[in-house]
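# Notes for the structure review
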Amino acid sequence: MAVPAYRHVSYLHATPQRVWHALTNADESALYWGHRNVSTWQPGARWEHQRADGSGTADVVGTVEVSERPERLVTTWAEPGADPAGASRVTFRLEAHRDLTRLTVTHDALADEAERADAEAGWSAVLSNLKTYLETGHPLPQEPWTMP
């Protein structure tokens with residue numbers, strides 16, 4: 001049986017360096033994601049997806065597996081305290097084409113179809129907000145992941 005995965009492709013009017021910075025800068029990720037992505041972004045380093053409310057609470061943690069700025073970033077993805085062996089994996093691939101960047105996000109090694117559906121809903125909202133933020137300088141007026 002195949003392990004569920006989710007893949008999303010976006011085309012952004014921004015350089016790969018700009019997209020990379022938005023993904024990996026804690027203060028900037030808080031603006032469009034509602035969470036600060038905190039790490040040194042070196043292979044083997046821990047990363048945390050901390051709430052932007054100042055509490056320092058991490059809702060997702062993992063390890064940076066690959067960091068090839070500004071082309072590819074691979075991290076594990078798990079709830080704090082969960083067995084790392086059961087972590088899923090997120091791959092960001094950034095490809096330049098003239099004035100655009102094609103951003104492909106693949107979230108694989110998901111536990112089941114329900115986790116894949118959650119990933120689809122979450123990534124669709126976050127990546128839409130990222131695109132709007134990079135192209136207008138402002139995130140969407142409401143957090144898209146709060147829509148019913």
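Here's a quick rundown of the structure.

## Considering the overall build of the protein chain
Within the protein chain one finds 3 helices and 7 strands. In the protein chain, the order of α-helices and β-strands from amino to carboxyl end is β-α-α-β-β-β-β-β-β-α. By the compact-globule yardstick of 15 Å for 148 residues, the protein chain fits well, its C-alpha radius of gyration being 15 Å. With respect to the three principal axes, the spread of C-alpha positions in the protein chain is 40 × 35 × 35 Å. Out of the 148 residues belonging to the protein chain, those deemed buried represent 41%. For the protein chain, contacts bridging at least 24 residues in sequence account for 41% of all contacts bridging at least 6. For the protein chain, the exposed area adds up to about 8,200 Å²; of that, 51% sits on carbon and sulfur atoms. Taking the 13 positively charged and 20 negatively charged side chains of the protein chain as two groups, their mean positions are separated by 7 Å.

## Thoughts on the packing of aromatic side chains
Evaluation of the coordinates by the stated rule reveals 7 aromatic pairs. Ring geometry for Trp-77 and Trp-123: centres 5.4 Å apart, planes at 45°, overall tilted. Linking Trp-77 in strand β5 (residues 72–77) with Trp-123 in helix α3 (residues 113–136), this pair joins segments that are 46 residues apart in sequence. Neither residue differs from the other here; Trp-77 and Trp-123 are each classed as buried. By way of ring pairs, the aromatic residues Tyr-32, Trp-33, Trp-41, Trp-47, Trp-77, Phe-92, Trp-123 and Tyr-133 are connected into one cluster.

## Considerations on the packing of helix α2 (residues 26–33) against α3
Where α2 contacts α3, the axes come no closer than 9 Å and their chain directions differ by 110°. When the axes of α2 and α3 are compared, the pair comes out roughly perpendicular. Note on element contacts: α3 touches α2 through Trp-123, Val-126, Asn-129, Leu-130 and Tyr-133, opposite Glu-28, Leu-31, Tyr-32 and Trp-33. Grouping the constituent residues of the contact of α2 with α3 by class yields 7 nonpolar, 1 polar and 1 charged.

## A look at the side chain of Ser-88
Assignment of secondary structure puts Ser-88 in strand β6 (residues 88–97). For Ser-88, the side chain forms a polar contact with the side chain of His-107, separated by 2.7 Å. Contacts of Ser-88, omitting those with residues within four sequence positions, involve Thr-75, Thr-76, Trp-77, His-107, Asp-108, Ala-109, Leu-110 and Glu-115.

## What to know about the side chain of His-8
Here His-8 is to be found in strand β1 (residues 6–12). Separated by 3.1 Å, the side chains of His-8 and Ser-10 make a polar contact. Excluding residues within four positions of it along the chain, His-8 makes contact with Leu-103, Thr-104, Val-105, Ser-124 and Leu-127.

Reading guide: rules and limits
Residues numbered from 1 in each chain as written. Predicted model: local features only at pLDDT ≥ 70, side-chain atom pairs only at ≥ 80, totals over all residues. Heavy atoms only, no water. Helix = DSSP H or I, 4+ residues; strand = E, 2+ residues; numbered from the N terminus. Rg over C-alpha atoms; globule rule 2.2 N^0.38 Å. Buried < 20%, exposed > 50% of the residue type's maximum accessible area, 1.4 Å probe, protein only. Contact = heavy atoms within 4.5 Å. Areas by Shrake-Rupley, 256 points an atom, 1.4 Å probe, with all protein chains shown as cover. Lys, Arg positive; Asp, Glu negative; His and termini not counted. Charge placed at Lys NZ, Arg CZ, Asp CG, Glu CD. Phe/Tyr/Trp six-rings, centres within 6.5 Å; stacked < 30°, edge-to-face > 60°. Axes fitted to C-alpha atoms, helices over the stretch in contact; angles between N-to-C directions. Parallel < 35°, antiparallel > 145°, perpendicular 65-115°, else oblique. Nonpolar A, V, L, I, M, F, W, Y, C, P; charged D, E, K, R; others polar. Polar contact = N/O pair within 3.5 Å; in protein donor to acceptor, adjacent residues only side chain to side chain.

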